[in-house]
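In case you want the letters, here they are:
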Amino acid sequence: MADPQRSDLARKRPGLRLAVRRVDARDARRPPPARFVEPAADPNAALAPDIIEVRVHIECERGLIEARRQGRQLATGAGFGLNDRAMITAIVSELGRNILLYAAPGDILVKVVEENQRVGILIKASDSGPGIADIRRALCDGYSTSGRLGMGLPGVKRLSDEFDIACGPDRGTTVVVRKWRR
């Protein structure tokens, strides 16, 4: 029976050790539990090369900063170029900012995926907030319910190779994005 915790990439490459690091910003100063791969002592150091998935809990600014850092490092490890790493970081940042503004707490999952001989990054932002009342309007430039610029979700969609959003009243919102390495 297949292990539901193993990613597509780990199933396709049985020799690859699956290492997942879940990060809770509240625990950023404490050492992670033993079941997780210990990152390097330097917070700016790259993730261990066998980490292919990172989940960060977002409930404050510190969580958002950690999600951006972890996403950028995972993209670097997956071989993305400088411009694509910047786009991935911007996507994580915008989705995390939306969680903070509208639906905290939530989670951001960043995962290396492989499909049809391509390598990519999957970013999934989920929360259990009030949901988005009108998705069609929320995906239009300039629409905002908070008086901001209204470039967030439309910008994420433009930066992504694949974009999907699902939500319902009082059931939260889930945005799934894929960016493929060129």
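One can find the structure itself at the top, above this paragraph.
How each quantity is defined
Position numbers for residues count from 1 along each chain, tracking the sequence in the order it is written. With pLDDT at 70 or above as the cut-off, local features in this predicted model cover only qualifying residues; side-chain atom pairs require 80 or more to be listed or tallied, and sums for whole chains, interfaces and linings still use all residues. Side-chain measures here rest on the full set of heavy atoms in the structure, leaving out hydrogens and waters. What counts as a salt bridge is simple: a side-chain nitrogen of Lys or Arg found within 4 Å of a carboxyl oxygen of Asp or Glu. Three labels apply to residues, based on accessible area from a 1.4 Å probe with only protein chains included: buried if under 20% of the type maximum, exposed if over 50%, partly exposed otherwise in between. Counting from the N terminus, the helices are the DSSP runs of H or I reaching at least four residues and the strands are the DSSP runs of E reaching at least two. By definition, two strands form a pair when at least two bridges between them are found by DSSP. Centres within 6.5 Å are what make two rings of Phe, Tyr or Trp a pair, Trp counting through its six-membered ring; a difference in plane orientation under 30 degrees is then read as stacked, over 60 as edge-to-face, and the rest as tilted. For a lysine, the NZ atom is tested; for an arginine, the CZ atom; a charge sits over a ring if that atom is within 6 Å of the ring centre and within 35 degrees of the ring normal.

## Describing the pattern of salt bridges
This model, assessed by the stated rule, comprises seven salt bridges. When the shortest N-O distance is used, the salt bridge between Arg 118 and Glu 115 registers 3.5 Å. Overlapping salt bridges bring together Glu 115, Arg 118, Glu 162 and Arg 178 as one network.

## Examining the pairing of strand β2 (residues 51–58)
When you tally the buried positions in β2, you get six out of eight residues, the bulk of the element. With six bridges connecting them, β2 and strand β3 (residues 106–115) associate as antiparallel partners. Residue pairing for β3: His 57 is matched across the bridge by Asp 107.

## Here we look at the packing of aromatic side chains
A full pass over the atoms with the stated rule returns zero aromatic pairs. For Arg 118, the ring lying beneath its charged end belongs to Trp 180, and the centroid distance is 3.9 Å.

These results come straight from atomic positions and should not be treated as a statement about function.
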